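Letter by letter, the chains look like this.
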Amino acid sequence: MSEQNLDQLRKELQDMNLAILNLLNKRAKVVEHAHRIKTRDGIPAYVPEREQQMLSEILGENRGPFSDKTISHLFKEIFRACAQLQETDSHRQLQISRAKSPDSKRIEVGRVVIGDKPIVIAGPCAVESEAQMEQIASELADLGIGILRGGTFKPRSSPYSFQGMGEPGLKILRKAGEDHHMATVTEVMDTRAVELVANYADILQIGARNMHNYSLLREVGRCEKPVLLKRGLSATIDEFLWAAEYIASEGNDNIILCERGIRTFETQTRNTLDISAVALLKAKTYLPVIADVSHAAGRKDILAALARASMAAGADGIMVEVHPFPSVARSDSQQQLDIEEFKKFLSDSGLEQKSLKKRKSGGVK
Ligand code: PEP
Ligand code: MN
């Protein structure tokens, strides 16, 4: 008889569990409905005073055996779960997520399409003179390189090191690019310089040190130009993705993500190239991903191996520093390749580019 009673009580309990479950989900739906109205009418989603008032009314009705403290705890959990539900819907999911667009992004710059065939971005660490840029652009163009790099605003560890040529450097970079039919990429370090740099360059680079500079990210997000966003020195993949989201949230999702090595305990390389990041970024977003092997390694001898590894992990291309005379370069001289070393790099990594130079009419096919 008592066994039968117990069965009856167990059934009652489970019926109540299911009733609570139904009520919880019903409550969640009402919250979602209210949220849609609030979003439409621009009413704040979370008003702490309202939540406090609801809780006071509930506690006023509490007849026990649960204490007010327990009831308060349980209801706060319910409120929190409902609030989180809204966040998941509208704020938590990245606009740049692969789930939002199964097609990978293709970004056209000049004569290249990033996100199509493997691309190579090459050029010196910094623009130093017209002669330097003319020479390197001509040699790189001969090798079919479609995008020329060169810093004119340099983020240096010491304020006394060469800071870049500024606007005169931008002019030199643009001329070299135009003369050799190459698109150009250069770093912008300051919100106040975005317009200036965008007037000269085809792609705006956000350097590793500025990946967390949210006002700069928003500013380039309001710009028409594609953005090459480098991963911060110690940024997690999630932080990197949210940095890209800042740019996209302003309306510009022409973003190229660049893994450039992260700080680790290792001393043989300048940074540690994070190959998992390349694979994960490709899986998590629809954006093109490239690897900057020069700043990752900080040395010349393993660049082709790193490039091969990056491409195998799914990268859309590689960035590499090339200088006509690396030994006298004004920055990063130890890691820049000369043109002969660069040719070897291209063949060792299997990244030889199809020549972009127009054949002379009547030339042998
Ligand atoms: C660069 O590419 O010129 C550069 C400074 O790299 P990073 O921001 O990755 O250090
Ligand atoms: Mn450099």
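Preceding this section is the structure that the text describes.
Residues numbered from 1 in each chain as written. Chains lettered and ligands numbered in written order. Predicted model: local features only at pLDDT ≥ 70, side-chain atom pairs only at ≥ 80, totals over all residues. Heavy atoms only, no water.

Q: Teacher, can you tell me more about the coordination of the manganese ion (ligand 2) here?
A: Six octahedrally arranged donors around a metal ideally form angles of 90 or 180 degrees; four tetrahedrally arranged donors ideally form angles of 109.5 degrees. Within the protein, Cys125 (SG), His295 (NE2), Glu321 (OE) and Asp332 (OD) serve as the donor atoms for the manganese ion (ligand 2), at 2.0 to 2.4 Å. Read in sequence order, the donor residues for the manganese ion (ligand 2) give the motif C-x169-H-x25-E-x10-D. In this pair, His295 sits in helix α10 (residues 293-297) while Glu321 sits in strand β10 (residues 317-321), placing the two residues 26 residues apart along the sequence. (Donors = N, O, S within 2.8 Å, 3.2 Å for Na, K, Ca; no water. Helix = DSSP H or I, 4+ residues; strand = E, 2+ residues; numbered from the N terminus.)

Q: How should I be thinking about the side chain of Lys105 in this particular structure?
A: Along the chain, the position of Lys105 falls in the loop between α3 (68-92) and β1 (107-109). Here the side chain of Lys105 touches Asp253 through a polar contact of 2.9 Å, side chain to side chain. Leaving out residues up to four positions away in the same chain, Lys105 has contacts with Ile114, Gly115, Asp253, Asn254, Tyr286, Leu287 and Pro288. (Polar contact = N/O pair within 3.5 Å; in protein donor to acceptor, adjacent residues only side chain to side chain. Contact = heavy atoms within 4.5 Å.)

Q: Looking at this structure, how should I read the packing of helix α11 (residues 303-312) against helix α12 (residues 339-349)?
A: One way to put it is that α11 packs onto α12 with a least axis distance of 9 Å and a crossing angle of 35 degrees. For the crossing formed where α11 meets α12, the hand is right-handed. Taken together, the residues of α12 that come into contact with α11 (itself represented by Leu303, Ala304, Ala307 and Arg308) are Phe345, Asp348 and Ser349. Among the residues making up the contact of α11 with α12, the classes are represented as 4 nonpolar, 1 polar and 2 charged. (Axes fitted to C-alpha atoms, helices over the stretch in contact; angles between N-to-C directions. Left-handed = near helix turned anticlockwise from the far one by under 90°. Nonpolar A, V, L, I, M, F, W, Y, C, P; charged D, E, K, R; others polar.)

Q: I would appreciate a short explanation of the nonpolar core in the present structure.
A: In a soluble, globular protein the nonpolar side chains are often hidden away together inside. Leu140, Leu229, Val320, Phe342 and Phe345 are the most contacted members of the largest nonpolar core, which totals 70 residues. Sorting elements by how many residues they give to this core places helix α8 (residues 237-249) first, with 7 residues. Excluding its chain neighbours within four sequence positions, the residues that come into contact with Leu140 are Ala122, Gly123, Ile145, Leu148, Met182, Val322, Ile339 and Phe342. (Core = buried A, V, L, I, M, F, W, Y, C linked by side-chain atoms within 4.5 Å. Buried < 20%, exposed > 50% of the residue type's maximum accessible area, 1.4 Å probe, protein only.)

Q: How should I be thinking about the packing of aromatic side chains in this particular structure?
A: To describe a pair of aromatic rings, one takes the distance between the centres and the angle between the planes. Under the counting rule described, the total for this entry stands at 3 aromatic pairs. Ring centres 4.4 Å apart and planes at 25 degrees place the aromatic pair Tyr214 and Tyr246 in the stacked group. With Tyr214 in helix α7 (residues 214-221) and Tyr246 in helix α8, this residue pair connects regions lying 32 residues apart in the sequence. Look at Phe342 and Phe345: their rings are 6.0 Å apart centre to centre, the planes differ by 15 degrees, and that puts the pair in the stacked class. Remark: Phe345 and Phe342 occur in helix α12; sequence separation between them is 3 residues, near one turn of the helix. For Phe345, a relative accessible area of 4% puts it in the buried group. The ring of Phe162 has Arg330 lying over it, and the distance from NZ or CZ to the ring centre is 3.8 Å. (Phe/Tyr/Trp six-rings, centres within 6.5 Å; stacked < 30°, edge-to-face > 60°. Lys NZ or Arg CZ within 6 Å of the ring centre and 35° of its normal.)

Q: What is the right way to read the site of ligand 1 from this model?
A: Ligand 1 sits among Arg149, Lys154, Glu187, Gln205, Gly207, Ala208, Arg209, Lys230, Arg260 and His295. Interatomic distance of 3.0 Å between a side-chain N/O atom of Lys154 and an oxygen atom of ligand 1. Contact between ligand 1 and Ala208: an oxygen atom at 2.8 Å from a main-chain N or O atom of the residue. Here the shell around ligand 1 is built from residues that sort into 1 nonpolar, 3 polar and 6 charged. (Near = heavy atom within 4 Å.)

Q: Is there a simple way to explain the environment of Glu219 in this structure?
A: As for its placement among the helices and strands, Glu219 is situated in helix α7. Classification of Glu219 as partly exposed rests on a relative accessible area of 28%. Along the sequence, Glu219 and Ser347 sit 128 residues apart, while their C-alpha atoms lie 39 Å from each other. A polar side-chain atom of Glu219 sits 3.1 Å from a polar atom in the side chain of Arg222.

Q: Sorry, what's going on with the pattern of salt bridges here?
A: For side chains bearing opposite charge, pairing can occur when the charged atoms are close. The full count for this structure, using the stated rule, is 22 salt bridges. For Asp41, the salt bridge is made with Arg40, and the minimal N-O distance between the two is 2.8 Å. Taking relative accessible area as the criterion, Arg40 reaches 64% and is therefore assigned exposed. With a shortest N-O distance of 2.7 Å, Asp190 and Arg192 are connected by a salt bridge. Overall, the relative accessible area of 27% leaves Asp190 in the partly exposed class. Judged by its relative accessible area of 74%, Arg192 is exposed. (Salt bridge = Lys/Arg side-chain N within 4 Å of Asp/Glu carboxyl O.)

None of this, on its own, says anything about what the molecule does.
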